[in-house]
Structures are given as C-alpha cells and as structure tokens.
Amino acid sequence: MAERAALVTGGSSGIGLAIARALLDAGCAVTIASRRPEKLARAAAELREGGGTVTEIAADLATEQGVIDVVAGHREAHGRLDVLVNSAGLGIGGPIEDVQAKHIDLQYALNLKAIILFYRESAPMLREAGAEHRKALVVNVSSITGKQGHEWLSAYSAIKHGVVGLTQAMNRELNDAGIKSCVLCPAYVDTELSDYKKSEIPAEEMITTEDVAGFVGYLVGLSKNCVIPEVMFERPGELV
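Per-chain numbering applies: the sequence of each chain, read as written, is numbered from 1 onward. Under the rules for a predicted model, residues below a pLDDT of 70 receive no local features and side-chain atom pairs below 80 are neither given nor counted, while totals for whole chains, interfaces and linings still include all residues. Side-chain numbers come from the whole structure's heavy atoms, not from hydrogens or water.

A. How the structure looks around the side chain of Ser-194. Runs of H or I in DSSP of at least four residues are treated as helices and runs of E of at least two as strands, each being numbered from the N terminus. Of note, Ser-194 is situated in the loop between strand 6 (179-186) and helix 6 (209-220). Contact definition: two residues touch when any of their heavy atoms are within 4.5 Å. Among residues more than four places away in sequence, those in contact with Ser-194 are Tyr-188, Val-189 and Met-206.

B. Region of the structure containing the environment of Ala-213. If you trace the backbone, Ala-213 turns up in helix 6. Of the residues examined, Ala-213 reaches a relative accessible area of 4% and is grouped as buried. For the pair Ala-213 and Leu-110, spaced 103 residues apart in sequence, the C-alpha separation works out to 21 Å. Look past the residues within four positions of Ala-213 in its chain and what remains in contact with it is Ala-18, Ile-19 and Ala-22. Exposure classes here rest on a 1.4 Å probe applied to the protein chains alone. A residue is buried below 20% of its type maximum, exposed above 50%, and partly exposed in between.

C. A look at the packing of helix 4 (residues 101-133) against helix 5 (residues 154-174). Axis separation between helix 4 and helix 5 bottoms out at 9 Å; the angle between their running directions is 15°. Comparing the axis directions of helix 4 and helix 5 gives the class roughly parallel. Viewed along their axes, helix 4 and helix 5 form a crossing whose handedness is right-handed. Residues Ile-104, Gln-107, Tyr-108, Asn-111, Leu-112, Ile-115, Ile-116, Tyr-119 and Arg-127 of helix 4 touch helix 5, and the partners they reach there are Ala-155, Tyr-156, Ile-159, Lys-160, Gly-162, Val-163, Leu-166, Met-170 and Leu-174. Under the grouping applied here, Gly and all other residues not named as nonpolar or charged are polar, the nonpolar ones being Ala, Val, Leu, Ile, Met, Phe, Trp, Tyr, Cys and Pro and the charged ones Asp, Glu, Lys and Arg. In terms of residue class, the contact of helix 4 with helix 5 is made up of 13 nonpolar, three polar and two charged. Here an angle of 0 to 180 degrees is reported between the N-to-C directions of two axes, which are lines fitted to C-alpha atoms, with helices fitted over the stretch in contact. Should an angle fall under 35 degrees it is called roughly parallel, over 145 degrees roughly antiparallel, and 65 to 115 degrees roughly perpendicular, with every other angle called oblique. Left-handed describes a crossing whose near helix is turned anticlockwise from the far helix by less than a right angle; the clockwise case is right-handed.

D. Spotlight on the pairing of strand 1 (residues 5-9). Of all five residues making up strand 1, five are buried, and the element is well covered by its neighbours. With burial as the criterion, each face of strand 1 is covered, one bearing Ala-5, Leu-7 and Thr-9 and the other bearing Ala-6 and Val-8. Note: strand 1 against strand 2 (residues 29-34), five bridges, orientation parallel. When the sheet's bridge partners are listed, Val-8 is paired in strand 2 with Ile-32. Strands were regarded as paired on the criterion that DSSP finds at least two bridges between them.

E. How the structure looks around the packing of helix 3 (residues 64-78) against helix 4. Put simply, helix 3 and helix 4 touch, their axes get as near as 9 Å, and they point 25° apart. Comparing the axis directions of helix 3 and helix 4 gives the class roughly parallel. Crossing geometry of helix 3 relative to helix 4 is assigned as right-handed. Touching Glu-64, Val-67, Ile-68, Val-70, Val-71, His-74 and Arg-75 of helix 3 are Ala-114, Leu-117, Phe-118, Arg-120, Glu-121, Ser-122, Pro-124, Met-125 and Glu-128, all from helix 4. Here the contact of helix 3 with helix 4 is composed, by residue class, of nine nonpolar, two polar and five charged.

F. The arrangement of a nonpolar patch on the surface in detail. The patches reported here contain residues having more than 30% relative accessible area and no salt bridge. Joining distances are 9 Å for like charges and 5 Å for nonpolar side chains (Val, Leu, Ile, Met, Phe, Trp, Tyr). Areas reported here follow the Shrake-Rupley algorithm with a probe of radius 1.4 Å; residue values treat only the protein chains shown as occluding. A pairing counts as a salt bridge when a side-chain nitrogen of Lys or Arg comes within 4 Å of a carboxyl oxygen of Asp or Glu. Nonpolar side chains collect at one region of the surface, where Ile-96, Val-99 and Ile-104 lie side by side and expose about 240 Å² of accessible area between them. Its location among the elements puts Ile-96 in the loop between strand 4 (83-86) and helix 4.

G. View of helix 2 (residues 37-49). If you check helix 2, its first and last C-alpha atoms are 19 Å apart, about what 13 residues at 1.5 Å a residue would give, namely 18 Å. Among the residues making up helix 2, those that are buried are Lys-39, Leu-40, Ala-43, Ala-44 and Leu-47. One side of helix 2 carries all its buried residues, which in axial view fall inside an arc of 135°. Turned more than 90 degrees from where helix 2 packs its buried face, Glu-38, Arg-42 and Glu-49 sit exposed. Structurally, helix 2 contributes buried residues whose contacts are with helix 1 (14-25), strand 2 and strand 3 (54-58). In the stretch just after helix 2, Gly-51 is the one whose phi turns positive, near 95°. Helix span, expected: 1.5 Å multiplied by one less than the number of residues in the helix. Think of the arc as the fan of directions from the helix axis to the C-beta atoms.

So this is what it looks like as structure tokens:
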C-alpha cells in the first residue's frame with residue numbers, strides 16, 4: 001500500500017486530470033473516477049506513463065450508489081485516503097425563462113449532492129489519516145460563480161455557492177479531526193466546460209488547468225498548522 005493515497009473525481013479530463021497528475025508528482029497513489037469508462041481508461045493510461053500508481057473506477061457520480069462504489073473501490077485498492085478531490089461537475093446555462101427542472105436536478109446531483117456523499121463515505125478513511133498525520137485534505141472545485149452569481153448560469157451559480165458553504169461547514173466540523181478542506185473558485189479555465197466561451201475568450205487567454213492543479217500540490221505540502229479554506233483564480237482585470 002502507498003504511504004499516501006488520493007481520490008480524484010472527474011479525473012478523466014480537465015482540471016481533475018491535471019490535479020491527479022499533480023498528486024502523483026507529490027507521491028500519492030491516485031484513484032480517478034468518472035462516468036465514461038473509455039475516456040477514464042485513456043486518462044489512466046496517460047497518467048501511468050508519468051509513473052506512479054493509478055486506479056480507475058467508472059461510475060455515475062450523480063447517484064448515491066456510484067459514490068459508494070467509488071469510495072469502496074478506492075479503499076480496496078489503496079487501503080487509505082489522505083486526499084479527496086471533488087472535481088466532477090457540469091454546467092447548463094440559459095435564461096431563467098428556459099430553466100428546466102431536470103437540468104437543475106442534474107447539476108445539483110453531481111455538483112453538490114455528490115460532494116456531500118463523498119464526505120460521508122470517505123469520512124472513516126479521512127479520519128484515520130487525520131489521526132495519523134493531521135493533514136488529511138479535501139479539495140472541492142467550485143467556480144468564480146460560486147462567489148458572485150452570473151447571468152445565464154443561475155442554477156449553476158446557486159449550486160456552486162452551496163459548495164463554498166459546504167466547505168466552510170466541513171472545516172468547522174472536521175478540523176479537530178485533522179481534516180482540512182479547501183474550495184477552489186476559478187474563473188474560465190481552458191477545459192471542455194469553457195468551450196462555449198472561447199469565441200469571446202481565446203483558450204490561450206484562459207486560466208490553465210496547471211494553474212489550478214499546481215495549487216493543489218501546494219496544499220498537500222502545507223504543514224498541519226495551516227488551513228487555506230478558499231482560493232479564487234481570476235483572469236487579470238476580469239472577475240468572470
């Protein structure tokens with residue numbers, strides 16, 4: 001078993017994949033989880049090329065059973081959990097007159113409810129790691145829209161605000177157990193999720209996935225005495 005192990009949701013692409021790579025560089029064995037098996041397998045193969053131990057688990061993370069299965073699979077593969085990264089997410093935009101209940105439910109299920117369930121299912125392993133070294137870490141990926149609501153993204157903004165609030169609550173609840181939580185709130189990052197915006201903001205002018213992933217590597221290296229509860233990543237001169 002590895003000395004340190006991490007679980008990254010949404011690890012098949014974008015920010016999650018970059019974070020998984022950073023955690024491998026930090027010496028963690030890593031489990032990546034997402035919904036599509038083929039895409040996940042390609043990502044795992046890519047990560048293994050750089051060295052380190054990588055496990056992939058395909059599951060529908062918007063369901064309770066999917067979350068349960070991923071955490072159980074990670075425990076079976078690695079036996080411990082020092083870093084949990086909740087990066088899986090989706091966004092559905094449009095004017096408020098066109099909002100559909102099913103789209104609200106989809107975003108809530110993956111972007112917020114799944115994070116709550118991952119805390120619940122991972123808590124025993126996180127507490128074990130916290131008792132051992134006082135540096136267990138949970139990283140939740142929100143959005144700059146989780147700090148300031150954005151037009152055409154009403155439900156997404158509201159749900160991402162919930163991720164910020166959940167992270168605050170978890171620090172109050174779990175810090176005494178040696179478990180730290182940090183919420184990341186990036187503006188437009190060069191990923192598939194931002195493709196719709198690239199006619200206005202070229203990809204080369206967006207925040208990079210490495211910008212975000214590099215900070216997760218920094219968080220892992222912090223002493224047990226330091227908690228960074230929230231980080232905002234903005235483009236120069238522009239909030240979103």
